[in-house]
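# Descriptive analysis of the structure
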Amino acid sequence: MTAQATDPRPLTGEPVSLDLLNTRWMHEGEPADLFAGAFGLARVEGLAIWLESTGLAGRFRADAATLVHLLTAREALARAVGDPADESARTLVDAVLEHGRIRPTLTTEGPGERAEFADPTWGPAWTAARDYLGLLGSAPDRIRSCASPACVLHFYDISRNGTRRWCSMAACGNRAKASRHYARTRER
């Protein structure tokens with residue numbers, strides 16, 4: 001069974017930090033959470049699905065301790081993305097980052113690096129926080145929330161002109177267009 005076949009989330013494949021935020025979404029007008037037993041999944045089962053869908057399953061285990069640390073990172077990232085000027089949010093992200101480090105290495109291909117953790121259960125949380133730093137370093141203005149007021153998903157805008165507004169044109173974008181069309185036809 002693959003993560004794609006079992007992952008109930010409407011948006012996957014974003015950078016790992018935003019993909020972690022997208023483990024909470026709206027489903028038929030109600031909040032859903034991949035880690036909170038939604039859709040009949042146990043909390044650790046949801047973590048296993050997330051690890052698989054992000055490509056981290058081979059490196060980290062889905063267990064209760066990893067889930068607790070990942071939830072800590074998700075809250076820190078949600079606050080930091082929600083208000084980049086929030087000093088306490090930055091402190092929370094830094095606290096997650098304290099649990100790992102990058103070790104320079106020399107490989108057959110040349111210089112490299114690998115992440116190290118004193119406690120491997122912090123690995124996925126640290127990886128997500130580190131990814132967020134990478135997004136901030138490359139193009140922080142491209143970290144976006146969906147423009148739909150009914151949507152809570154986040155994405156990294158990789159469009160050429162940087163004008164993407166919706167988590168998905170097929171979902172939120174089409175709903176917005178249909179709503180505008182309906183409003184125009186009612187006015188006539």
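A brief look at the structure comes next. (Residues numbered from 1 in each chain as written. Predicted model: local features only at pLDDT ≥ 70, side-chain atom pairs only at ≥ 80, totals over all residues. Heavy atoms only, no water.)

## A closer look at the environment of Arg165
What counts is decided by this rule: By the criteria applied, helices consist of DSSP H or I runs no shorter than four residues and strands consist of E runs no shorter than two, each listed in order from the N terminus. Contacts: residue pairs with any heavy atoms within 4.5 Å of one another.
Assignment of secondary structure puts Arg165 in the loop between β6 (154–156) and α7 (169–187). Setting aside anything within four residues of it in sequence, one finds Arg165 in contact with Ser145, Cys146, Ala147 and Phe155.

## Things to note about the packing of aromatic side chains
The criterion, for reference: Paired rings are identified among Phe, Tyr and Trp, the last through its six-membered ring, by centres lying within 6.5 Å, and are further divided according to the angle between planes into stacked (under 30 degrees), edge-to-face (over 60) and tilted (the rest). Burial status follows relative accessibility: with a 1.4 Å probe on protein chains alone, a residue under 20% of its type maximum counts as buried, one over 50% as exposed, and anything between as partly exposed. In this analysis the charged atom, NZ for Lys or CZ for Arg, is taken to sit over a ring once it is within 6 Å of the ring centre and within 35 degrees of the ring normal.
According to the stated counting rule, one finds three aromatic pairs in the structure shown. Measuring from centroid to centroid gives 6.5 Å for Phe35 and Trp50, while their planes differ by 80°, and the two rings are edge-to-face. Here Trp50 lies in helix α3 (residues 43–54) and Phe35 lies in the loop between β2 (30–33) and α3, a separation of 15 residues in the sequence. Between the aromatic rings of Phe117 and Trp126, the centroid separation amounts to 5.3 Å while the plane-to-plane angle is 75°, which identifies the pairing as edge-to-face. With respect to burial, Phe117 and Trp126 carry one shared label: buried. Among the aromatic residues, ring-to-ring pairing joins Phe60, Phe117 and Trp126 into one connected group. Positioned above the aromatic ring of Phe155 is the side chain of Arg164, whose terminal nitrogen or guanidinium carbon lies 4.0 Å from the ring centre.

## Comments concerning the pattern of salt bridges
To be explicit about the condition: Salt bridges, as used here, are contacts in which a Lys or Arg side-chain nitrogen is within 4 Å of a carboxyl oxygen on Asp or Glu.
Applying the stated criterion across every chain yields a total of 13 salt bridges. Between Glu14 and Arg164 there is a salt bridge, with its nearest N and O atoms 3.8 Å apart. Of this pair, Glu14 sits in the loop between α1 (3–6) and α2 (16–21) while Arg164 sits in the loop between β6 and α7, placing them 150 residues apart in sequence. Residue class for Arg164 comes out partly exposed when judged on its relative accessible area of 24%. Linking Arg61 and Asp63 is a salt bridge whose minimum nitrogen-to-oxygen distance equals 3.5 Å. Note on Arg61: relative accessible area 63%, which makes it exposed. In this structure, a network of salt bridges that share partners links the residues Arg101, Arg103, Arg114 and Glu116.

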